[in-house]
Amino acid sequence: TSSSSSGINAEYGSLGEKKITKKLRTGEQDTITGKQLEDKLRSQFKKIHGTPAWTTRDKTSQSSILASTGQMTQPSRFLPSGKLSVTRCKNLNSRKSAKCVVKVLQFHPGATIGFVAGYTKSLDLFEVDGENNKHLHRHHFVNFPIDCAKFTADGNEVILGSKRPHFFTFDLHKCTAIKMAGIRNRPEIHYKNFELSKDGEYLGFQGHEGLFSVFSAKDKQLVKCINHRTRINCSSFLTDNIVLTAGQGGFCSLWDMRTWKTISDFQDEGALHITSVDHSSRHIAIGSDSGVVNLYQKDDIYKSSSKPLRAIMNLTTEIDNTVFNSSGELLAISSKDLKHSLRLFNTNSLQCVPNWPTSNTPLAHVTSLHFSPNSGYIGVGNTKGKALLYRLTHFHSF
């Protein structure tokens, strides 16, 4: 045999010799050249993962960490009801695995990178290609176990929160972190959970009891504090001017940030305590400690007698994550209290995806969820320190 410059070591090979190559056989063909095998492997990779965006990137338009990664392409077609094709990829953090719970993972809004963070007190950034997931950078934060972290809307920073009286920002271009002071003379307030508005203007922290602290996402200065009627567990910026706060007693409030007054209050149907909330362009999903997720039409929540469009009752323990994909056609829900407690819900058919996850999907106790910007991937963090990565092949791009 001879070596080729393409990295395929044999001039001829048998597709019947190994299980890994049996799926590449077509018809009666069994013996192929090294070049043919390479072409088949490339075709198989593209079938599963799509064409990597980095193969056509413009390197002159990016810098630092962002320079090593590709940009997104266009969204995919309408999501049909029924089964969804899901393929497991190499773990996102396989090259820099965590030794404790993954509290958060997230994909960049405009480049093919993602991060993993948690109680290791480190932020790890990876290139996302589903095959290598190259480790790009690690930044360690002293005495700062990370509970929450998010890319800013412009993708230039990561904001990180913990049960501490301060928070951090991490600059992706300079690869530096800056400690940000919290509210002056209020050391009892921590910055463990927060949300960012999609327009990139506001940063809202769910703090002490019913306090919701709104900061400018640009200069990280306090803008306003508002008080929810009960302890706040979660929040979501529904528009550039309206924020939803929710928590104990199942109470939800909608606030107009132009006047800082409530415009609507309602109680989530059947909920004792609300534990998670997310929204799409059409729907709002509200998860509770009972394991039920209520799906509302977005326009209906402005009514005091709001009724859910559908009660999703596939999980039985406290909901930790409710996450819509970018098109709003998929809703991922999870609970860390029981193993393998994750479901995908199709908002077009109003039914859970029937074929995934299966009883053999190695989810363990799920702690975090996120879809890539065009839904090509879903990331799943768990208590074992793994950031699982799955390719949703219906969606053509990252």
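Numbers given for residues are sequential positions, taken from 1 along each chain in its written order. Local features in a predicted model are, by the rule used here, given only for residues with pLDDT of at least 70; side-chain atom pairs are given and counted only at 80 or more, and totals for whole chains, interfaces and linings are based on all residues. By convention in this description, side-chain values take in all heavy atoms of the structure and omit both hydrogens and water.

Draft legend 1. Focus on the overall build of the chain. Numbering of helices and strands runs from the N terminus; a helix is a DSSP stretch of H or I covering at least four residues, while a strand is a stretch of E covering at least two. Helices and strands together make up the secondary structure of the chain, namely three helices and 30 strands. The cut-offs for exposure are 20% and 50% of the maximum accessible area for each residue type, with area from a 1.4 Å probe on protein chains only; residues under the lower value are buried, those over the upper are exposed, and the others partly exposed. Expressed as a percentage of the 398 residues in the chain, the buried residues total 52%. Note on contacts: a residue pair is in contact if any heavy atoms of the two residues lie within 4.5 Å. In the chain, once contacts between residues fewer than 6 apart in sequence are set aside, the share between residues at least 24 apart is 47%. Accessible surface is estimated by sampling points in the Shrake-Rupley manner with a 1.4 Å probe; for residues, cover comes only from the protein chains shown. In the structure as shown, the chain presents an accessible area of about 18300 Å², 48% of it carried by carbon and sulfur atoms.

Draft legend 2. Region of interest: the pattern of salt bridges. Any Lys or Arg side-chain nitrogen found within 4 Å of a carboxyl oxygen on Asp or Glu counts as a salt bridge. This model, assessed by the stated rule, comprises seven salt bridges. Between Asp 256 and Arg 258 there is a salt bridge whose closest N-O contact spans 3.0 Å. Of the charged contacts in the structure, one is a salt bridge between Glu 269 and Lys 307, with a shortest N-O distance of 3.2 Å. Remark: Lys 307 occurs in the loop between β22 (293–297) and β23 (310–312) and Glu 269 occurs in the loop between β19 (261–267) and β20 (274–279); sequence separation between them is 38 residues. Accessibility expressed as a relative area gives 54% for Lys 307, which makes it exposed.

Draft legend 3. Structural context of the packing of aromatic side chains. Any Phe, Tyr or Trp ring, taking Trp's six-membered ring, that has another such ring centre within 6.5 Å forms a pair; planes under 30 degrees apart are called stacked, those over 60 apart edge-to-face, and the others tilted. With the rule as written, the count across this model stands at 17 aromatic pairs. Between the aromatic rings of Phe 141 and Phe 144, the centroid separation amounts to 6.0 Å while the plane-to-plane angle is 45°, which identifies the pairing as tilted. Ring pairs connect the aromatic residues Phe 167, Tyr 191, Phe 194, Phe 205 and Phe 215, which therefore count as one cluster. The residue whose ring lies beneath Arg 391 is Tyr 377, and the NZ or CZ to ring-centre distance is 5.5 Å. Counting as a charge over the ring demands two things of the Lys NZ or Arg CZ atom: a distance within 6 Å of the ring centre and an angle within 35 degrees of the ring normal.

Draft legend 4. Here's a closer look at the sheet that holds strand β21 (residues 283–288). Pairing is antiparallel across the open sheet formed by four strands, whose spatial order is β20-β21-β22-β23. The open sheet has two edge strands with one neighbour each: β20 and β23. The sheet shows a mean angle of 20° between the axes of neighbouring strands, taken without regard to direction. In this analysis, strands are considered paired if DSSP registers two or more bridges between them. With three bridges connecting them, β22 and β23 associate as antiparallel partners. Bridging from a neighbouring strand, Leu 295 pairs with Arg 310 of β23. Between N-to-C directions, angles span 0 to 180 degrees; the directions come from axes that are lines fitted to C-alpha atoms, helices contributing only their stretch in contact.

Draft legend 5. Summary view of the pairing of strand β11 (residues 176–181). Pairing of strand β10 (residues 166–171) with β11 involves six bridges; the strand directions are antiparallel. Looking at β11, one finds that Phe 170 is bridged to Ala 177. Here β10 folds back onto β11 in antiparallel fashion, the turn holding four residues, of which Cys 175 has a positive phi close to 55°.

Draft legend 6. Highlighting the sheet that holds β11. Reading across the sheet, the four strands line up as β8-β9-β10-β11 and stay open at both edges, with antiparallel pairing between neighbours. With one partner strand each, in any of the chains shown, β8 (148–151) and β11 form the two edges of the open sheet. On average, adjacent strands in this sheet sit at an angle of 20° to one another, irrespective of strand direction. One ladder, built from four bridges, connects strand β9 (residues 157–161) with β10; its direction is antiparallel. Bridge pairing links Val 158 to Phe 170 in β10.

Draft legend 7. Region of interest: unusual backbone geometry. A cis geometry characterises the amide bond from Trp 356 onward to Pro 357, with omega recorded as -5°. Relative to the helices and strands, Pro 357 resides in the loop between β27 (351–352) and β28 (366–371). With a phi close to 65°, Asn 185 is a non-glycine residue in the positive phi region. Inspection of the secondary structure puts Asn 185 in the loop between β11 and β12 (193–196). In the Ramachandran plot, Trp 260 falls in the positive-phi region, its phi being about 60° despite a non-glycine side chain. Of note, Trp 260 is situated in the loop between β18 (251–256) and β19. Of the residues examined, Trp 260 reaches a relative accessible area of 19% and is grouped as buried.

Draft legend 8. Region of the structure containing the environment of Asp 289. Structurally, Asp 289 is set in the loop between β21 and β22. A relative accessible area of 25% means that Asp 289 is categorised as partly exposed. Residues Asp 289 and Glu 318, spaced 29 residues apart in sequence, show a C-alpha to C-alpha distance of 3.9 Å. Dropping the residues within four chain positions of it, Asp 289 is found in contact with Leu 272, His 273, Thr 275, Thr 317 and Glu 318.

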